[in-house]
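Structural characterization, general
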Amino acid sequence: VNEGQVLQSWSLGAQARFSERPIASNDVVVPYDFPAGQQRTLLIRYAPHFGKLVMGPELWSSDEFLAFEHARSNALSLFYGLSVMMAAVVLLLYFALKDRAYLYHLGIVISGLLAYMSADGNIARYFLPESPDLAWKLNVSSIVIILPAQLQFARLLLGTKQRMPRLDRFTAHYALVCLA
């Protein structure tokens, strides 16, 4: 705001289409030049979405921001690459051993990867840039799938049906309740 006149405004956040963001970032980032020797008022309105709001405004120079984005991108690339490699190894184990437990383990790895990519905003950025609502639903769905897949994997791997039938029935029912 300068002399009572709004110079720029943005509507951002998880529900904003990626193509409408002023800077291509998964974070809420806006460009703003502060002219030397002039006074400006910067108004920031935070509005929670899905009952959660975690935000702290920081002013960064362009160089600092680009260095941070580069480091974060490298770390996430490493994490995503290792997750894909883990999924490939689990799939190879399934084909080699023909044990159904490894299909559940594959579900755990893929659901975890999707949950993290959704939470970080990379699903919305790269795969669903015009559908932020769908990206959020994918995040919730992948999180919901993880626990039942873990329970089924543990049941099959440990052979609880033969060793502890009552615990096995309870765990199987609990996995179904988690999906409901």
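Now for a quick tour of the structure. (Residues numbered from 1 in each chain as written. Predicted model: local features only at pLDDT ≥ 70, side-chain atom pairs only at ≥ 80, totals over all residues. Heavy atoms only, no water.)

**Thoughts on the pattern of salt bridges**
Taken as a whole and assessed by the stated rule, the structure comprises two salt bridges. Residue Arg 72 is joined to Glu 69 by a salt bridge in which the shortest nitrogen-to-oxygen separation is 2.9 Å. A residue pair is termed a helical-turn pair when its members lie 3 or 4 positions apart in one helix, as Arg 72 and Glu 69 do in helix H1 (residues 62–97) at three residues. Across the pair Asp 168 and Arg 155 runs a salt bridge whose closest N-O atoms are separated by 2.6 Å. (Salt bridge = Lys/Arg side-chain N within 4 Å of Asp/Glu carboxyl O. Helix = DSSP H or I, 4+ residues; strand = E, 2+ residues; numbered from the N terminus.)

**Structural notes on the packing of H1 against helix H2 (residues 101–120)**
Contact pair H1 / H2: the axes reach a minimum separation of 8 Å and the direction vectors enclose 165°. Considered as vectors, H1 and H2 are oriented roughly antiparallel to each other. Regarding H1 and H2, the two cross each other, and that crossing is left-handed. Considering only residue class, the contact of H1 with H2 consists of 18 nonpolar, two polar and two charged. (Axes fitted to C-alpha atoms, helices over the stretch in contact; angles between N-to-C directions. Parallel < 35°, antiparallel > 145°, perpendicular 65-115°, else oblique. Left-handed = near helix turned anticlockwise from the far one by under 90°. Nonpolar A, V, L, I, M, F, W, Y, C, P; charged D, E, K, R; others polar.)

**A short note on the packing of H2 against helix H4 (residues 132–158)**
Viewed as axis vectors pointing N to C, H2 and H4 meet at an angle of 155°, and their least axial separation amounts to 7 Å. Here H2 lies roughly antiparallel to H4, going by the angle between them. Judged by the sense of rotation from one axis to the other, the crossing of H2 with H4 is left-handed. Of the residues belonging to the contact of H2 with H4, the class tally is 16 nonpolar, eight polar and no charged.

**A closer look at the nonpolar core**
In terms of nonpolar packing, the biggest core is built from nine residues, these being Ala 87, Val 90, Ala 101, Tyr 102, Leu 106, Ile 108, Val 109, Ala 149 and Phe 153. Those elements giving two or more residues to this core turn out to be H1, H2 and H4. The biggest single contributor to this core is H2, with five residues. Beyond its immediate stretch of four places on either side in the chain, Val 90 contacts Tyr 102, His 105 and Leu 106. Core analysis: the next-biggest nonpolar cluster, separate from the first, contains seven residues, Leu 76, Tyr 80, Ile 123 and Ala 135 among them. (Core = buried A, V, L, I, M, F, W, Y, C linked by side-chain atoms within 4.5 Å. Buried < 20%, exposed > 50% of the residue type's maximum accessible area, 1.4 Å probe, protein only. Contact = heavy atoms within 4.5 Å.)

**Thoughts on unusual backbone geometry**
In this structure, Lys 98 takes a positive phi of about 55° despite not being glycine. Note that Lys 98 resides in the loop between H1 and H2.

**Quick look at the environment of Ile 146**
With respect to the helices and strands, Ile 146 occurs in helix H4. Separated by 35 residues in the primary sequence, Ile 146 and Ser 111 place their C-alpha atoms 6.0 Å from one another. Contacts of Ile 146, omitting those with residues within four sequence positions, involve Ile 108, Ser 111, Gly 112 and Ala 115.

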